[in-house]
Amino acid sequence: MATTAKTKEIVVNTEPFVVNFGPLHPSTHGVFRMKITLDGEVIVDMEPVFGYLHRGIEKLGEERTYTQVIPLTDRLDYLASMSNNLAYCLAVEKLAGIAVPERAEYLRVIMAELQRIASHLIAVGSFLTDCGAFLTPVVYMIRERERILDLFDMVCGQRLTYNYMRVGGVSQDIPQEFMPALAKFLKEMPGWIDEYERLLKENEILLARSKGVGILPRDLAINIAASGPVLRGSGVKWDIRKADPYSIYDRFEFDIPVGTAGDCYDRYRVRVEEMRQSLRILRQAIKDLPRGEVRSEVPHLIRPPAGEAYGHIEAPKGDLGFYLVSDGSIAPYRFHVRAPTLINLTALADMIRGWKIADTIIIFGSIDICMGEVDR
Amino acid sequence: MTLALSGKDIAKQIEKKFPGGVVESAAESLLVEAESLLEIAAYLKNTPGLDFDYLTAVSGVDYLDCFEVVYQLTSLEHNHSLVLKTRCYQRDNPTLPSVVGLWRAADFQEREICDLFGISFTGHPNLKRIFLWEGFEGHPLRKDFL
């Protein structure tokens, strides 16, 4: 019996599939949730969901005196508390017209640059963990970060929320043992960075997983106001320390590392190079560190004249700004934080579209966020 | 050093193009009418010589008689900055135009202001609460909230 062979056209319809990623997942670096829409394995859309760590810090700030706000800033980006202290103090000093003694300026730069290295170590370490280099690199980097935390412990007795800087200077001078320990750190750190580079820079797995992945084009990076290594990874030479120098950054020589492709690998490279540049700044700063006061005469209750000020710095994660409005009283009328990591996340959906979930983790990790700052 | 452009100089330029658009100009800032905000923002972004391509920050302030929204603009090309402000005098249903079409940087920041101040931005593609949950009553950063 002959059968008529009929070819039947097979139509396969796929339906979009929504995956809830987070909020509690090791690679969300905190409590961040992504509602990812998938077509098969490929991501077609993503909606970020924030607010799991929202503590209302801006509202709390309006109820406190200018000095009492400083501990709140520690709890924004808790991996870079010194930088937050600095940005806030600069904004208040701008608002109230307070001068800072020379020695305090140097100490601030030393702390901010140590903080940048500490923050980048965690950023790079956890990025590599996200890439699949499970735990080994991050343990190496935590080992070095520990040395920086010891230094901070010496100057302020804290290891995470330092509360070290004050309006008009810093809370106290450095102890005697600080400088030798810092000199030892500066001597050893370049070797450690070389060690990471030998292990990772040309590691095939790292290259395969991060090169060409999660590209943030230059124009988009500017349009979403990305900042920090995310902006520089996309090839924009913009660093607040050079573009709008604050404190005494105009006295130091350093380069701004930039990427070319804007992919995850470039962002990683920028961070590693920035650590070297920070070491350069530190070496110059300890050489020139003058003697003298570390805090200018500032009343306990600061009453800035009515008005407003916006102060910003190049924090490890980007352009951290504080917008303060004063009504002449002892508490800020409005205290707004320009959180770099929140704004850097604006383009996350664009960066992960077309990639798979496994890549999402790397792309997200390469932005380096801290939920304390995103949600405030 | 980023050069802070004087609001007064910019106001002179804008007055010619958009008569009545500028409410007040000071050395540090430029206050514009909410109705002409979008046109003026587009002018500031696209005019050669000004080129404000980078919207650094958007902040909301509640002055009780009005809400003020403050835009910190920067030009990466010329390394200069300008503080642009606009006001909204309604308390029940304050509305302002959204600048997301010009700078996507405003996306989350306008949502934040909407969430915490209750200002709705017309033209925003996805205007909903960002930090607080849907169904939360009130807007915490308003001065009459607490």
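Residues numbered from 1 in each chain as written. Chains lettered and ligands numbered in written order. Predicted model: local features only at pLDDT ≥ 70, side-chain atom pairs only at ≥ 80, totals over all residues. Heavy atoms only, no water.

**Student:** Could you clarify how one ought to interpret the pattern of salt bridges in this entry?
**Tutor:** Oppositely charged side chains can form a pair if their charged atoms are brought close together. All names here are of chain A. This structure, assessed with the given rule, holds 35 salt bridges over all chains. The shortest N-O distance in the salt bridge between Arg159 and Asp150 comes to 3.6 Å. Overall, Arg159 belongs to the partly exposed group, its relative accessible area being 34%. Classification of Asp150 as partly exposed rests on a relative accessible area of 35%. When the shortest N-O distance is used, the salt bridge between Arg269 and Glu273 registers 3.3 Å. Of this pair, Arg269 and Glu273 both sit in helix H11 (residues 264–288), four residues apart, which is roughly one turn of that helix. Relative accessible area serves as the criterion here: at 25%, Glu273 is assigned to the partly exposed category. (Salt bridge = Lys/Arg side-chain N within 4 Å of Asp/Glu carboxyl O. Buried < 20%, exposed > 50% of the residue type's maximum accessible area, 1.4 Å probe, protein only. Helix = DSSP H or I, 4+ residues; strand = E, 2+ residues; numbered from the N terminus.)

**Student:** So what exactly am I meant to see when it comes to the packing of helix H1 (residues 7–17) of chain B against helix H2 (residues 37–46) of chain B here?
**Tutor:** All names here are of chain B. Running from N to C, H1 and H2 point in directions that differ by 120°, and their axes come no closer than 11 Å. Between H1 and H2, the crossing angle belongs to the class labelled oblique. Relative to H2, the crossing made by H1 is right-handed. Across the interface between the two elements, Ile10, Gln13, Ile14 and Lys17 from H1 touch Ile40, Tyr43 and Leu44 from H2. Split into classes, the residues belonging to the contact of H1 with H2 amount to five nonpolar, one polar and one charged. (Axes fitted to C-alpha atoms, helices over the stretch in contact; angles between N-to-C directions. Parallel < 35°, antiparallel > 145°, perpendicular 65-115°, else oblique. Left-handed = near helix turned anticlockwise from the far one by under 90°. Contact = heavy atoms within 4.5 Å. Nonpolar A, V, L, I, M, F, W, Y, C, P; charged D, E, K, R; others polar.)

**Student:** Even after reading the chapter, I still don't get the sheet that holds strand E3 (residues 42–49) of chain A, so can you show me in this structure?
**Tutor:** By definition, the strands of a sheet pair up through backbone hydrogen bonds, in either a parallel or an antiparallel sense. Residue and element names in this part refer to chain A. Spatially, three strands are ordered E1-E2-E3 in an open sheet, and the strand pairing comes out antiparallel. The two strands at the open ends of the sheet, each matched to only one other strand, are strand E1 (17–21) and E3. On average, each strand axis in the sheet is tilted by 20° relative to the strand beside it, whichever way the strands run. Two elements, strand E2 (residues 33–39) and E3, share seven bridges in a ladder whose sense is antiparallel. Bridge pairing in E3 links Ile36 to Met46. The sheet contacts of helix H14 (residues 357–367) involve E1, E2 and E3, and relative to E2 the element is tilted by about 145°. (Pairing = 2+ DSSP bridges.)

**Student:** Explain the layout of surface pockets to me, please; I cannot follow it from the model alone.
**Tutor:** Estimates place the volume of the largest pocket at around 980 Å³. Breaking the lining of the largest pocket down by element, the ones donating at least two residues are helix H3 (81–96), strand E6 (307–315) and strand E7 (318–326) of chain A together with strand E2 (22–25), strand E3 (29–32), strand E4 (54–62), strand E5 (67–75) and strand E6 (80–88) of chain B. Class assignment for the residues of the lining of the largest pocket results in 22 nonpolar, ten polar and ten charged. Of the volumes computed, that of the second largest pocket is approximately 360 Å³. (1 Å grid on protein atoms, 1.4 Å probe; cavity = no way out; pocket = protein on both sides within 12 Å on 5 of 7 lines; lining within 4 Å. Points joined across faces, edges and corners; volume = space filled by probe spheres on them.)

**Student:** How should the nonpolar core be read in this particular structure?
**Tutor:** For soluble globular proteins, nonpolar side chains are generally found buried alongside one another. Counting residues in each nonpolar core, the largest one holds 162 residues, and the members touching the most others are A:Leu114, A:Tyr164, A:Phe185, A:Met189, A:Leu345, A:Leu348 and B:Leu44. If one sorts the elements of this core by residue count, helix H4 (residues 102–131) of chain A sits on top with 14 residues. Every residue in contact with A:Phe185, bar those within four places of it in the chain, is listed here: A:Leu114, A:Ile117, A:Glu144, A:Arg147, A:Ile148, A:Leu151, A:Trp192 and A:Leu279. Within the second largest apolar cluster, eight residues are counted, among which are A:Tyr310, A:Val325, B:Val70 and B:Val83. (Core = buried A, V, L, I, M, F, W, Y, C linked by side-chain atoms within 4.5 Å.)

**Student:** For this particular structure, what's the right way to read the packing of aromatic side chains?
**Tutor:** The description of an aromatic ring pair uses the distance of the two centres, along with the angle that the planes make with each other. Counted by the stated rule, this structure contains 18 aromatic pairs over all chains. When the ring of A:Phe32 is compared with that of A:Phe50, the centres are 5.6 Å apart and the planes differ by 50°; the resulting orientation is tilted. With A:Phe32 in the loop between E1 and E2 and A:Phe50 in the loop between E3 and helix H1 (57–61), the pair connects residues that are 18 residues apart, well separated along the chain. Taken as a pair, A:Phe32 and A:Phe50 share a single burial class, namely buried. Consider the rings of A:Tyr88 and A:Phe335, whose centres lie 5.8 Å apart with planes at 90°: the pair is edge-to-face. Here A:Phe335 lies in strand E8 (residues 334–338) and A:Tyr88 lies in helix H3, a separation of 247 residues in the sequence. Of the two residues, A:Tyr88 and A:Phe335, both sit in the buried class. In this arrangement the basic side chain of B:Lys143 is found over the ring face of A:Tyr333, its NZ or CZ atom lying 4.1 Å from the centre. (Phe/Tyr/Trp six-rings, centres within 6.5 Å; stacked < 30°, edge-to-face > 60°. Lys NZ or Arg CZ within 6 Å of the ring centre and 35° of its normal.)

**Student:** Sorry if this is basic, but what is going on with the interface of chain A and chain B here?
**Tutor:** Interface size is commonly expressed as the accessible surface area that is lost when the partners come together. Taken residue by residue, the interface counts 39 residues in chain A and 42 residues in chain B. Here chain A and chain B share an interface that buries about 3400 Å² over both sides, 55% of which is from carbon and sulfur atoms. Counting the surface chain A buries against chain B, the share from its top three residues, A:Lys59, A:Trp238 and A:Tyr333, is 19%. The interface formed by chain A and chain B contains five salt bridges. Among the salt bridges present, the one from A:Arg376 reaches B:Glu112, with a minimum N-O distance of 2.9 Å. (Buried area = accessible area lost by both parts, 1.4 Å probe.)

**Student:** What exactly am I supposed to notice about the side chain of A:Glu144 here?
**Tutor:** Residue and element names in this part refer to chain A. The residue Glu144 is located in helix H5 (residues 136–156) in this model. We classify Glu144 as buried; its relative accessible area is 0%. What Glu144 contacts, discounting residues up to four positions off in sequence, is Leu121, Phe185, Met189, Trp192 and Tyr196.

**Student:** What is the right way to look at the pairing of E2(B) in this model?
**Tutor:** Across three bridges, the pairing between E2(B) and E3(B) is antiparallel. By the bridge assignment, B:Val22 is partnered in E3(B) with B:Val32.

**Student:** Help me understand a nonpolar patch on the surface in this model?
**Tutor:** Taken together, the side chains of A:Phe134, A:Leu135 and A:Val139 define a hydrophobic patch exposed on the protein surface, amounting to about 310 Å² of accessible area. On the secondary structure map, A:Phe134 appears in the loop between H4 and H5. (Patch = residues over 30% accessible without salt bridge, like charges linked within 9 Å, V, L, I, M, F, W, Y side chains within 5 Å. Areas by Shrake-Rupley, 256 points an atom, 1.4 Å probe, with all protein chains shown as cover.)

**Student:** Mind showing me how you'd approach H3(A) here?
**Tutor:** Every α-helix winds through 3.6 residues per turn, so residues three or four apart in the chain are directed the same way. Its 16 residues place the ends of H3(A) 22 Å apart at the C-alpha level, agreeing with the 22 Å of an ideal helix rising 1.5 Å per residue. The buried fraction of H3(A) is high, at 14 of 16 residues. (Expected span 1.5 Å × (residues − 1).)

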